[in-house]
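Chain by chain, the residues run as shown.
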Amino acid sequence: MNATTAEIQCLNTFWLPSRQTLFRLDFSPDDSSLVVLAHSHQAQQITTATNSSFSNKEFPSMSQTLQKKLGLLSSDAHDVAATNENSSMEHLKWDLWLFPIGQTDLDFSSKSDDVFSPVFPLGNHQQKINCISACPGCAMFGTISVDQTIKFWSTAASDNDSSCRPLFSFSFSEYDFPVSCCLHPMGLHVAVLFKDRVRLYHILRDSLEVVWDVSLPELNAQQISFSICGQFVAVGCGNVVLLVHVFQAMVVHRFYVGNSDSLFAGSLAATCLHFS
C-alpha cells in the first residue's frame, strides 16, 4: 500500500496591522472571512490614588507588592507566576480584525494592512466592562469600562445588517474612574457614577456634554438607576440609597436598606436598583 503525500502550498503572506501578535482566529459563520483576535503591548500608566475612599486592599503597599512578587507572602511559586502573567496580560491592547478569505491569492505584499478591516471601527474596550445600560426609549445602549471610556451602540436594524453598530466613544479624564452608568429613558442623557459623585451628561451626536456634577454624602457608590420618567436618579452606596433630583441637581432623599436600627443593617447592601 503506497502512502500518498499532500503538498501544502502557501498562497500569500499577510502582516497584521501594526505588526500585532495573533492570539486566536476562527471562521465567520458564512466562511467568507477569518475573525482574528490580536494584541500588542501598550505603555503602562502608573496612577496615584488620592481618593480616601479606596481601601488598602485595592491598592497594596509597595513593600507588599515586592514581597508577593518575591514569593515571601506566598509559599506557592505557581501563584506568583500566575500573578505576573495576569499583570502582563493587563497591559496588552486587543483588537478584532476581519480578513476576507477570497482575497488570499491577491498581491497585497506592499499594503497588507489594507486587507484587514476592524470589527469595531471605533475601537473596543481594552479592560473589564463595569456596566451595560440599555435605553428603553430608543434603540441604543451604552457600555462603561475600567479603561475610563464609555461607548454607545445602536441596535437599530438597517437594510443590510441587523447587528449592533458603534455610534461613538467618549474618554474620561485620567482622574475620573467610572463605576457604573444609566441611560435616560428617552435617550437624552446618561448618568455616570463615580465613587464619590454622580455626573449627568447630555448625549450629543458624537460626544458628551456635562450638565451637572453632584458630590455624594456617601462613598463607595456602586449602583445607579433612572426613574421611569427620568425625573430622579437613585444611587446605591452600600446599605444607603440616595435619591437625586435631575432638574434640581441635588440629593433630595436618603434612606437605608432594611431597618437602620437593626444589628445587621450595616451588613446589608443594595445590589440592584429599579423603579416600579
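Reading the values: the criteria
- Residues numbered from 1 in each chain as written.
- Predicted model: local features only at pLDDT ≥ 70, side-chain atom pairs only at ≥ 80, totals over all residues.
- Heavy atoms only, no water.
- Phe/Tyr/Trp six-rings, centres within 6.5 Å; stacked < 30°, edge-to-face > 60°.
- Helix = DSSP H or I, 4+ residues; strand = E, 2+ residues; numbered from the N terminus.
- Buried < 20%, exposed > 50% of the residue type's maximum accessible area, 1.4 Å probe, protein only.
- Lys NZ or Arg CZ within 6 Å of the ring centre and 35° of its normal.
- Pairing = 2+ DSSP bridges.
- Axes fitted to C-alpha atoms, helices over the stretch in contact; angles between N-to-C directions.

A. Region of the structure containing the packing of aromatic side chains. In total, this model carries 7 aromatic pairs according to the counting rule given. Where Phe-172 meets Tyr-201, the ring centres are 6.0 Å apart and the plane angle is 65 degrees; that geometry is what we call edge-to-face. With Phe-172 in the loop between β8 (165–171) and β9 (180–183) and Tyr-201 in strand β11 (residues 197–203), this residue pair connects regions lying 29 residues apart in the sequence. By relative accessible area, which is 3% here, Tyr-201 ends up buried. Taken together, the aromatic side chains of Phe-170, Phe-172, Phe-194 and Tyr-201 make up a single cluster linked through ring pairs. For the cation-ring pair, Arg-24 lies above Phe-23, with the distance from its terminal atom to the ring centre recorded as 4.4 Å.

B. Local environment of the sheet that holds β8. If you trace the 4 strands from one edge of the open sheet to the other, you get β5-β6-β7-β8, paired in antiparallel fashion. Here the strands that pair on one side only, and so sit at the sheet edges, are β5 (129–135) and β8. Neighbour-to-neighbour, the strand axes of the sheet open up by a mean angle of 20 degrees, direction not taken into account. Bridging between strand β6 (residues 140–145) and strand β7 (residues 149–154) involves 5 bridges; their strand directions are antiparallel. Bridged to Met-140 within β7 is Ser-154.

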